[in-house]
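Here's the letter readout for the chains.
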Amino acid sequence: TKEDSVMRKFLLVLMALCLAVVPALAETVEPATLDFGDFTMTVPADMQYEMADEITDNATFFMLYQPSESAFTTNMALVWSEAASDLTAADPQTTGEAILATAQTTLEAQSVAVANPTLVGASMDEIGGKTALSVVYTMDLDYTGMGVDLQTNVTFVQAIVSEDAIGTYTFTIASDSMDGCQPLVEVVNTVVWAE
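All values reported here derive from a predicted model rather than from experimental measurement.

1. Details of the overall build of the chain
Assigned secondary structure in the chain consists of 3 helices and 11 strands. In the chain, the order of α-helices and β-strands from amino to carboxyl end is α-β-β-β-β-β-β-α-β-β-β-β-α-β. Split into buried and exposed, the 195 residues of the chain put 45% on the buried side. In the chain, the share of contacts with a sequence separation of at least 24, taken over all contacts with a separation of at least 6, comes to 54%.

In structure tokens, the structure reads:
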């Protein structure tokens, strides 16, 4: 269907851009409430972030980093797309499987070896009162092909909000443990949508 085609196209672009770098590293001394136009989000004082000067279609515009002792830095990427789709019409399991497959293909195209891709779960949820599709998946990743001596299991938590009035916002959290995702999930839970 047309909805499935739009969603597949969107997922391909999303996964390709989730690892993009945006400028202006900043660290807050106190919690900071950041205004992205369509919503605000509060960032804890101990987290660093990068924010693009403007939000553009299909580009990562915000990265948040959780301090960690491990070799893998837990992070969250935000991507916006002008295109919107009716998430309530999507089957969470099927969409989750498509997201997982696209993530694997995208990582492998960047010379990251992927093993054991596993869809942990997919369901309808909400962010700040708006309907969201939530997807959790894990993969064993080997970054040797990128010149980085790092092999680790990574858990991804994604939440997608899509409405005609705002387009599509995708929040993608990556950590080397499910527990590691929780502080960034709590940040997503601070989202307040503009009236």
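Now, onward.
2. Notes on the sheet that holds strand β11 (residues 192–193)
A sheet is described by the order of its strands in space; here 3 strands give the open sequence β2-β3-β11, paired in antiparallel fashion. Either end of the sheet is taken by a strand with one partner, and the two such strands are β2 (32–35) and β11.

3. Overview of the pattern of salt bridges
Following the criterion strictly, the structure yields 1 salt bridge and no others. A salt bridge links K130 to E163; the shortest N-O distance between them is 3.0 Å. Residue K130 is found in strand β8 (residues 130–142), and its partner E163 is found in strand β9 (residues 151–163); the two are separated by 33 residues along the sequence. Under the relative-accessibility criterion, K130 is labelled buried at 18%. On the basis of relative accessible area, E163 is assigned to the partly exposed category, the value being 28%.

4. Observations regarding the side chain of K130
Here E163 takes part through its side chain, which lies 3.0 Å from a polar atom of the side chain of K130. Every residue in contact with K130, bar those within four places of it in the chain, is listed here: D125, V161, E163, I166 and W193.

5. Points about the layout of surface pockets
Volume-wise, the second largest pocket comes out at about 290 Å³. Looking at the second largest pocket, it is lined by 21 residues, and the ones nearest its centre are D125, S134, V157, A159 and V185. Sorting the residues of the lining of the second largest pocket by element identifies β7 (113–127), β8, β9, β10 (167–175) and α3 (178–188) as the ones contributing at least two each. Grouping the constituent residues of the lining of the second largest pocket by class yields 12 nonpolar, 6 polar and 3 charged.

6. Considerations on the nonpolar core
Membership of the largest hydrophobic core comes to 31 residues, with the highest contact counts inside it found for F39, M41, F62, M76 and F171. Sorting elements by how many residues they give to this core places α3 first, with 4 residues. In this structure, A103, V114, L133 and V135 belong to the second largest nonpolar core, which totals 20 residues.

7. Some details on α3
Three or more residues of α3 are buried, namely G180, C181, L184, V187 and V188. When α3 is viewed along its axis, its buried side chains cluster within an angular range of 100 degrees and face the same direction. Buried residues belonging to α3 abut β3 (39–43), β5 (59–65), β6 (75–81), β7, β9 and β10.

8. Quick word on the side chain of Q158
Assignment of secondary structure puts Q158 in strand β9. Accessibility expressed as a relative area gives 0% for Q158, which makes it buried. Looking at Q158, its side chain comes within polar contact range of the side chain of T172, at 2.9 Å.

9. A word on the environment of Q48
Inspection of the secondary structure assignment puts Q48 in strand β4 (residues 48–51). Overall, Q48 belongs to the partly exposed group, its relative accessible area being 29%.

10. Examining the packing of aromatic side chains
Evaluated as defined, the whole model comprises 10 aromatic pairs. Judged by centre distance (5.0 Å) and plane angle (35 degrees), the rings of F36 and F39 are tilted. The residues F36 and F39 share a single accessibility class, namely buried. With a centroid separation of 4.9 Å and 20 degrees between ring planes, the pair formed by Y137 and F156 is classed as stacked. Here F156 lies in strand β9 and Y137 lies in strand β8, a separation of 19 residues in the sequence. With respect to class, Y137 is no different from F156; both count as buried. Feature note: the residues F36, F39, Y49, F61, F62, Y169, F171 and W193 constitute an aromatic cluster, connected by ring pairs. Sitting over the face of the ring of W193, K130 holds its NZ or CZ atom 5.6 Å from the ring centroid.

The rules behind these values
Residues numbered from 1 in each chain as written. Predicted model: local features only at pLDDT ≥ 70, side-chain atom pairs only at ≥ 80, totals over all residues. Heavy atoms only, no water. Helix = DSSP H or I, 4+ residues; strand = E, 2+ residues; numbered from the N terminus. Buried < 20%, exposed > 50% of the residue type's maximum accessible area, 1.4 Å probe, protein only. Contact = heavy atoms within 4.5 Å. Pairing = 2+ DSSP bridges. Salt bridge = Lys/Arg side-chain N within 4 Å of Asp/Glu carboxyl O. Polar contact = N/O pair within 3.5 Å; in protein donor to acceptor, adjacent residues only side chain to side chain. 1 Å grid on protein atoms, 1.4 Å probe; cavity = no way out; pocket = protein on both sides within 12 Å on 5 of 7 lines; lining within 4 Å. Points joined across faces, edges and corners; volume = space filled by probe spheres on them. Nonpolar A, V, L, I, M, F, W, Y, C, P; charged D, E, K, R; others polar. Core = buried A, V, L, I, M, F, W, Y, C linked by side-chain atoms within 4.5 Å. Arc of directions from axis to C-beta. Phe/Tyr/Trp six-rings, centres within 6.5 Å; stacked < 30°, edge-to-face > 60°. Lys NZ or Arg CZ within 6 Å of the ring centre and 35° of its normal.

By themselves, these figures tell us nothing about what the structure is for.
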